[in-house]
2 protein chains.
Amino acid sequence: MIQSPYLLFLGDAPDSLAAKVAQGIRDWRPDASVGQFRMAGCKADMKLPDMTLAEAKAAGARTLVIGVANRGGVISPAWKEVLVEALEMGFDIASGLHSLLRNENELVMAAHRGGCELHDVRVPTDAYPIANGVKRTGKRCLAVGTDCSVGKMYTALAMDKEMQARGLKSTFRATGQTGILITGSGVPVDAVIADFMAGSIEYLSPDNDDDHWDMIEGQGSLFHVSYSGVTLALIHGGQPDALVLCTEPTRAHMRGLPGYQQPSLEALRDMALTLARVANPDVKVIGISANTQHLDEDAAIAFLAGVEARMGLPAVDPYRQGAARLIDALEAI
Amino acid sequence: MIQSPYLLFLGDAPDSLAAKVAQGIRDWRPDASVGQFRMAGCKADMKLPDMTLAEAKAAGARTLVIGVANRGGVISPAWKEVLVEALEMGFDIASGLHSLLRNENELVMAAHRGGCELHDVRVPTDAYPIANGVKRTGKRCLAVGTDCSVGKMYTALAMDKEMQARGLKSTFRATGQTGILITGSGVPVDAVIADFMAGSIEYLSPDNDDDHWDMIEGQGSLFHVSYSGVTLALIHGGQPDALVLCTEPTRAHMRGLPGYQQPSLEALRDMALTLARVANPDVKVIGISANTQHLDEDAAIAFLAGVEARMGLPAVDPYRQGAARLIDALEAI
């Protein structure tokens with residue numbers, strides 16, 4: 001578990017996109033961070049107080065979270081000076097970068113001196129079991145996508161937020177780096193050994209109250225040949241009661257795979273439902289979540305209305321419209 | 001690559017089942033082993049010459065292969081004495097046990113002294129890429145099962161053997177420990193990091209001659225919630241041209257999952273075909289391979305005839321009948 005509150009490290013981010021991890025934390029846990037740390041030339045801004053390490057320490061920050069990605073996911077020498085100083089002052093550091101904190105000798109030594117922890121959230125921290133398939137108490141919702149990066153994490157977070165707003169029991173269960181940094185814990189399922197993937201999801205989403213929902217972050221797509229195995233492990237380890245179909249309507253082909261077409265929402269529904277019924281015969285598709293950021297408002301509304309009529313299910317863009325209608329559908333089952 | 005010829009180490013196997021890895025090597029690569037090494041009390045017999053280490057060395061053996069599994073997959077102290085001596089004499093050692101050779105200090109030191117190698121075939125040896133989905137030349141056949149342990153490896157090996165007998169181009173591609181020990185190389189896909197599973201299969205089965213078939217060893221089952229993700233990675237990384245459906249007709253429930261029923265062959269066919277078409281739209285199911293060891297001859301023949309009539313595809317038990325009809329079907333596409 002990553003200790004909050006956070007100091008968001010934005011480094012020398014060349015633009016706001018480079019700081020999208022920080023933006024995710026800011027959007028979904030607005031109270032988790034006491035401030036931001038920006039170096040000379042930083043072009044990102046989370047609209048948080050700019051703080052020195054000492055000011056952040058005085059404000060109670062416990063973990064410096066690297067909210068920015070360098071090209072290639074490396075830890076630049078310019079950053080390292082700040083990170084070493086932070087560790088010596090007793091900050092933990094959390095990172096989702098490809099280059100691991102633990103592989104940097106200077107950081108390891110500084111963490112030792114400061115008596116603090118390095119969290120590489122790309123690396124599994126626990127010994128996960130092999131999945132046993134035993135039915136768990138409580139309810140689970142999983143977002144599945146026509147493709148990778150179509151808004152599955154956003155959808156699960158938006159649904160969790162709406163549940164909280166209604167005073168209902170819900171937990172967002174992170175399965176990727178950004179999700180783990182947002183919530184402070186989770187399973188980086190992409191990095192788990194094949195035999196233990198489904199078991200890691202059983203571990204992530206244990207027995208719970210009968211009226212509690214886990215909103216499980218999806219990964220990959222059943223139709224994306226690079227990562228489909230991870231998606232199926234989420235479906236079988238998650239044993240979802242509800243599925244939300246996620247899509248991005250303007251993609252020309254599968255992400256990173258020029259020769260591969262996007263599946264239809266109907267194909268996704270049929271495939272995901274059939275596979276999910278193996279683990280939970282009562283699973284239902286409750287709605288569609290579309291990332292319509294590349295459509296203007298009129299086109300987005302028209303697209304969603306068309307999908308809704310065609311599929312007979314609520315279709316929303318949770319960024320434009322919130323997730324209320326998805327939660328209505330969840331409450332109806 | 002594990003160097004042959006082998007000396008098959010049977011240790012103190014309490015029965016022949018404990019030596020099933022050795023039996024697999026003996027059955028499928030009858031010429032790979034110069035002899036067997038048995039300790040006092042060994043109840044297994046591969047019908048190979050019993051040899052001392054010195055005799056095996058003189059006969060040209062290069063690798064001692066641990067062909068026996070202890071309870072819990074550990075390396076017993078009784079074995080260790082022999083293994084140390086073998087290493088000091090210059091034998092490599094290959095093992096598919098859960099306990100790794102490389103974690104035993106005595107063996108590591110002896111290997112160093114002998115200048116030889118320890119092969120833990122449960123551990124991936126290469127840095128696999130992320131799958132790119134690009135269509136590869138050559139043909140591929142994948143065995144998919146209604147359940148785990150229904151004869152997928154046996155089927156692929158039997159098909160490869162029949163191809164060789166006909167003078168056709170074929171390679172068995174091992175994806176599990178026993179298969180790797182049989183062939184001397186492969187990818188232990190169960191032990192690969194999730195993100196690289198499909199890529200490891202692309203790596204295992206590269207471009208080849210247009211008339212060459214890879215017979216890819218299947219793992220798990222799309223309907224087995226513990227391992228289904230591995231199976232889907234094999235389907236999408238393997239981009240098979242042909243699928244063989246494997247089943248064991250007497251199972252009461254999914255292996256290790258008392259609450260889960262076996263799927264029908266029709267359900268397996270439809271699910272596997274739909275998913276396999278994502279990577280290869282021309283994929284076909286060419287036949288059914290049933291492990292009928294728990295049926296008597298009449299019941300087995302009746303079962304196979306029933307399946308064949310129902311599914312409209314050749315249905316054989318390759319152990320009883322050979323794989324000729326499966327290869328006929330492969331040649332017909």
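The structure this text deals with has already been given above.
Below or above, wherever it landed, is the structure these notes cover. Keep in mind that this is a model prediction, so the values were computed, not measured.

Thresholds, definitions, all that
- Residues numbered from 1 in each chain as written.
- Chains lettered and ligands numbered in written order.
- Predicted model: local features only at pLDDT ≥ 70, side-chain atom pairs only at ≥ 80, totals over all residues.
- Heavy atoms only, no water.
- Helix = DSSP H or I, 4+ residues; strand = E, 2+ residues; numbered from the N terminus.
- Rg over C-alpha atoms; globule rule 2.2 N^0.38 Å.
- Buried < 20%, exposed > 50% of the residue type's maximum accessible area, 1.4 Å probe, protein only.
- Contact = heavy atoms within 4.5 Å.
- Areas by Shrake-Rupley, 256 points an atom, 1.4 Å probe, with all protein chains shown as cover.
- Lys, Arg positive; Asp, Glu negative; His and termini not counted.
- Charge placed at Lys NZ, Arg CZ, Asp CG, Glu CD.
- Phe/Tyr/Trp six-rings, centres within 6.5 Å; stacked < 30°, edge-to-face > 60°.
- Lys NZ or Arg CZ within 6 Å of the ring centre and 35° of its normal.
- Pairing = 2+ DSSP bridges.
- Right-handed = clockwise from strand over helix to strand, strands pointing away.
- Buried area = accessible area lost by both parts, 1.4 Å probe.
- Salt bridge = Lys/Arg side-chain N within 4 Å of Asp/Glu carboxyl O.
- Polar contact = N/O pair within 3.5 Å; in protein donor to acceptor, adjacent residues only side chain to side chain.
- Nonpolar A, V, L, I, M, F, W, Y, C, P; charged D, E, K, R; others polar.
- Expected span 1.5 Å × (residues − 1).
- Axes fitted to C-alpha atoms, helices over the stretch in contact; angles between N-to-C directions.
- Parallel < 35°, antiparallel > 145°, perpendicular 65-115°, else oblique.
- Left-handed = near helix turned anticlockwise from the far one by under 90°.
- Least-squares fit on C-alpha atoms with pLDDT ≥ 70 in both.
- Arc of directions from axis to C-beta.

### A look at the overall build of chain A
For chain A, the helix and strand inventory stands at 12 helices and 11 strands. Relative to the compact-globule value of 20 Å for 333 residues, chain A shows a C-alpha radius of gyration of 20 Å, a close match. The buried share of chain A, taken over its 333 residues, is 57%. At a minimum sequence separation of 6, the contacts of chain A that also span at least 24 residues come to 76%. Of the roughly 13300 Å² of accessible surface on chain A, 51% is carried by carbon and sulfur atoms. If the 30 positive side-chain charges of chain A are averaged to one point and the 40 negative ones to another, these points end up 1 Å apart.

### Some details on the packing of aromatic side chains
For the coordinates displayed, the defined rule picks out 10 aromatic pairs over all chains. Measuring from ring centre to ring centre gives 4.9 Å for Trp28 of chain A and Tyr154 of chain A, while their planes differ by 80°; the resulting arrangement is edge-to-face. Taken together, the residues span a long stretch of sequence, with Trp28 of chain A in helix 1 (residues 20-28) and Tyr154 of chain A in helix 5 (residues 152-165) at a distance of 126 residues. Ring geometry for Phe9 of chain B versus Trp79 of chain B: centroids 5.5 Å apart, planes at 80°, classification edge-to-face. On the criterion of sequence distance, the pair formed by Phe9 of chain B in strand 1 (residues 6-11) and Trp79 of chain B in helix 3 (residues 77-88) is long-range, its members being 70 residues apart. For Phe9 of chain B, a relative accessible area of 0% puts it in the buried group. The rings of Phe9, Phe37 and Trp79 of chain A are connected pair by pair, giving a single aromatic cluster. Here Lys57 of chain A stacks its cationic end above the ring of Phe91 of chain A, 4.9 Å away from the centre of that ring.

### Points about unusual backbone geometry
Note: most residues except glycine have negative phi, and most peptide bonds are trans. Residues and elements named next belong to chain A. Along the chain, Ser4 connects to Pro5 via a cis peptide bond; the corresponding omega equals 0°. Inspection of the secondary structure assignment puts Pro5 in the segment before strand 1 (6-11). Backbone geometry at Gln239 places phi at a positive 35°, although glycine is not the residue there. By the secondary structure assignment, Gln239 is in the loop between helix 8 (228-238) and strand 9 (242-247).

### Quick look at the pairing of strand 3 (residues 63-66) of chain A
The side chains of a regular strand alternate, residue by residue, between the two faces of the sheet. Residues and elements named next belong to chain A. Of the two faces of strand 3, the one carrying Thr63 and Val65 and the one carrying Leu64 and Ile66 are both buried. Examined bridge by bridge, strand 1 and strand 3 share 4 bridges and lie parallel to one another. Across the sheet, the residue bridging to Tyr6 is Thr63, located in strand 3. With 3 bridges joining them, strand 3 and strand 4 (residues 92-95) adopt parallel strand pairing. Paired with Val65 across the strands is Ala94, a residue of strand 4. This β-α-β element, strand 3 to helix 3 (residues 77-88) to strand 4, shows right-handed connectivity.

### Structural notes on the interface of chain B and chain A
On the side of chain A, 33 residues touch chain B, which itself brings 33 residues to the contact. Buried surface at the junction of chain B and chain A, both sides included, amounts to about 2700 Å², of which 64% is carbon and sulfur. Linking chain B to chain A there are 0 salt bridges. There are 10 residue pairs in polar contact (both at pLDDT 80 or more) connecting chain B and chain A. Mapped by element, the contributors of at least two residues to the side of chain B that touches chain A are helix 7 (197-204), helix 8 (228-238) and helix 9 (265-279) of chain B. In terms of residues, the side of chain B that touches chain A owes the most to one element, helix 8 of chain B, which gives 6 residues. Taken together, the residues of the side of chain B that touches chain A break down into 22 nonpolar, 9 polar and 2 charged.

### Considering helix 5 (residues 152-165) of chain B
Residue and element names in this part refer to chain B. In a regular helix each residue adds 1.5 Å, so 14 residues correspond to 20 Å; helix 5 covers 20 Å between its end C-alpha atoms and thus fits that length. Taken as a whole, helix 5 has its buried residues at Lys152, Thr155, Ala156, Leu157, Ala158, Met159, Asp160, Glu162 and Met163. In the stretch just after helix 5, Gly167 is the one whose phi turns positive, near 75°.

### Some words on the packing of helix 8 of chain A against helix 9 (residues 265-279) of chain A
All names here are of chain A. Packing of helix 8 against helix 9 leaves a shortest axis separation of 7 Å and a crossing angle of 45°. The orientation of helix 8 relative to helix 9 falls into the category oblique. Taken as a pair, helix 8 and helix 9 cross one another with a handedness that is right-handed. The segment helix 8 lies against helix 9, with Leu232, Ile235 and His236 engaging Leu275, Ala276, Val278 and Ala279. Of the residues contributing to the contact of helix 8 with helix 9, the split by class is 6 nonpolar, 1 polar and no charged.

### As for the relation of the copies chain B and chain A
Expressed as a screw transformation, the operator carrying chain B onto chain A has a rotation angle of 180° and an axial translation of 0.0 Å, and the superposed copies differ by an RMSD of 0.0 Å. Here the symmetry operator amounts to a two-fold rotation axis. Comparing contact sets, 100% of the residues at the interface of chain B also lie at the interface in chain A, consistent with an isologous, same-surface contact.

### Some words on helix 10 (residues 297-311) of chain A
Residue and element names in this part refer to chain A. The first and last C-alpha atoms of helix 10 sit 21 Å apart over 15 residues, in line with the 21 Å expected at 1.5 Å per residue. Inspection of helix 10 places Ala300, Leu304, Val307 and Met311 among the buried residues, and these make up the whole buried set. Buried residues along helix 10 cover an arc of 65° about the axis, so they all sit on one side. Summarising the geometry of helix 10, the exposed residues directed more than 90 degrees from the buried face are Asp298, Ala302 and Ala309. The secondary structure elements touched by the buried residues of helix 10 are strand 9, helix 9, strand 10 (284-290), strand 11 (315-316) and helix 11 (318-321).

### Describing the environment of Pro314 of chain A
Residues and elements named next belong to chain A. Inspection of the secondary structure assignment puts Pro314 in the loop between helix 10 and strand 11. Residue Pro314 is classed as buried on the basis of its relative accessible area, which comes to 18%. For Pro314 and Ala329, which are 15 residues apart along the polypeptide, the C-alpha to C-alpha distance reads 7.7 Å.

### Digging into the side chain of Gln239 of chain B
Using a relative accessible area of 0% as the deciding quantity, one classes Gln239 of chain B as buried. Every residue in contact with Gln239 of chain B, bar those within four places of it in the chain, is listed here: Tyr260 of chain A together with Gly133, Val134, Lys135, Arg136, Leu234, Ala279 and Asn280 of chain B.

Such coordinate-based values are descriptive only and should not be taken to indicate function.
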